[in-house]
Amino acid sequence: PRSNCLAAEQLCLSDSTCNATYRILENCALARARFLPLDHDSRVRCLNAELELGNSSLLHCKCHRRMKRQEHCLRVFWTVHSSMTDGYFNLETSPYENPANEEHWKTDYNKLAALVSGKDYSQLAGGATNPCLKATHVCNLSKKCVRLRTDYASICTRGVGSEDTCDRRKCHRGLRNFFEKVPEDFTKRILFCPCQDELCGERRRKTIVPDCSFQYNTKPNCLWLLDSCLEDHICKSRLADFQQNCQPADVSPDGCFQHNHAACLQAYMGMIGTPMTPNYVSNSSVEVSLWCTCESSGNQKEKCDQISGMFQSNKCL
């Protein structure tokens, strides 16, 4: 089994040879994070240090989405794998354990739904009602769900509509808290509720309070969004997870290279609350996109189109 990167780091630091190699890699990762150009000798030293780890637990360690000290764990992963992002935005592997190996949350929704307003589930699921509104009612039955949803909603609406801008960083942190700490059975129903009309679609689109978490006054270039993401360990990790689990494939029945559509939806949720937060583009569509443009991309137009296409033209997603 793959080891936890926090445990693997402690093991490495207690061994003098591994410790020395790891310190070299820390300097390499720091230089890359600051976009400092590495000369030929430095690049060779960094690659050799990564190779020297061989089959150590540090080289094969992973992190969990809901773990404590997640950022530290991810920093360890990217220290050891910092050469992955050289020259291109494609991240080869996710730092997160396969979702199939993670804890699955189980909730009896029929029972919960029956409690809402004293109605039975069949009434609640009636075609005339708003599925996104129902998902919110079910969330309100969980203390954790309603508390964390209220937390991010109050942070993300503060300052919206006035001359003051909202605190996007705090809003993103609140959203990540909600999607990480609340059982997925609640969060998935709120984010992916099926809509037949625009009123429902508007509620679904506004789940993440897009005025603060998603939209800027003007659309930035998608390459700028990517750069912001790669500077942040959590965003870079979520992007790697998204690229691994939402890789499209024409021949696959569900459009996914990994044949796991649920893992793709989980990876999509992981992007919310990062600098590359996606959202629904309208009240009448399930199409999603980043809030960015590829105008004025110069000779990097193709790369920019790939970034926006990961969401807009992705058969798997």
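Note: the structure precedes this text.
Residues numbered from 1 in each chain as written. Predicted model: local features only at pLDDT ≥ 70, side-chain atom pairs only at ≥ 80, totals over all residues. Heavy atoms only, no water.

Asker: Please set out the packing of helix α13 (residues 222-230) against helix α16 (residues 301-312) residue by residue, giving values where relevant.
Answerer: Helix-helix packing is characterised by the crossing angle of the two axes and by the distance between the axes. Remark: α13 packs on α16, axes separated minimally by 9 Å, with the N-to-C direction vectors making an angle of 70 degrees. Judged on the interaxial angle alone, α16 and α13 are roughly perpendicular. Contacts from C222, L223 and L226 of α13 reach α16 at K303, C304, I307 and S308. (Axes fitted to C-alpha atoms, helices over the stretch in contact; angles between N-to-C directions. Helix = DSSP H or I, 4+ residues; strand = E, 2+ residues; numbered from the N terminus. Parallel < 35°, antiparallel > 145°, perpendicular 65-115°, else oblique. Contact = heavy atoms within 4.5 Å.)

Asker: Outline the state of the cysteines, listing residues and values.
Answerer: Under the counting rule described, the total for this entry stands at 14 disulfides. Residue C132 pairs covalently with C193 via a disulfide, S to S 1.9 Å. Judged by the torsion about the S-S bond (90 degrees), the C132/C193 disulfide is right-handed. In this pair, C132 is assigned in helix α7 (residues 131-140) and C193 in the loop between α10 (184-191) and α11 (198-205), connecting sequence segments 61 residues apart. Of the two residues, C132 and C193, both sit in the buried class. What pairs with C294 in a disulfide is C304, and their sulfur atoms sit 2.2 Å apart. (Disulfide = S-S within 2.5 Å. Buried < 20%, exposed > 50% of the residue type's maximum accessible area, 1.4 Å probe, protein only.)

Asker: Mind laying out the pattern of salt bridges, listing which residues take part and the relevant values?
Answerer: One pass over the full model with this rule turns up 6 salt bridges. For E26, the salt bridge identified is with R23, shortest N-O distance 2.8 Å. Linking E26 with R23, this pair stays in helix α2 (residues 16-33), spanning 3 residues, or about one helical turn. As a salt-bridge pair, D241 and R65 come within 2.7 Å of each other at their nearest N and O atoms. Here D241 is found in helix α14 (residues 233-245), whereas its partner R65 is found in the loop between α3 (40-52) and α4 (70-80), with 176 residues between them in sequence. (Salt bridge = Lys/Arg side-chain N within 4 Å of Asp/Glu carboxyl O.)

Asker: Go over empty space enclosed by the protein, please, and point to the residues and values.
Answerer: According to the stated counting rule, one finds 2 cavities of 30 Å³ or more in the structure shown. In this structure, the largest cavity occupies an estimated 140 Å³ of space. The wall of the largest cavity is formed by R65, R66, R176, F179, E180, E184, R238, Q266, M269, G270 and I272. Of all the secondary-structure elements, those providing two or more residues to the lining of the largest cavity are α9 (168-181) and α15 (261-271). In terms of residue class, the lining of the largest cavity is made up of 3 nonpolar, 2 polar and 6 charged. (1 Å grid on protein atoms, 1.4 Å probe; cavity = no way out; pocket = protein on both sides within 12 Å on 5 of 7 lines; lining within 4 Å. Points joined across faces, edges and corners; volume = space filled by probe spheres on them. Nonpolar A, V, L, I, M, F, W, Y, C, P; charged D, E, K, R; others polar.)

Asker: Summarise the side chain of N279; cite the residues concerned and give the values.
Answerer: If you trace the backbone, N279 turns up in strand β1 (residues 278-280). A polar side-chain atom of N279 sits 2.9 Å from the main-chain carbonyl oxygen of R205. When sequence neighbours within four positions are dropped, the list of residues in contact with N279 reads R205, I208, P210, F214, Y268, E287, V288 and S289. (Polar contact = N/O pair within 3.5 Å; in protein donor to acceptor, adjacent residues only side chain to side chain.)

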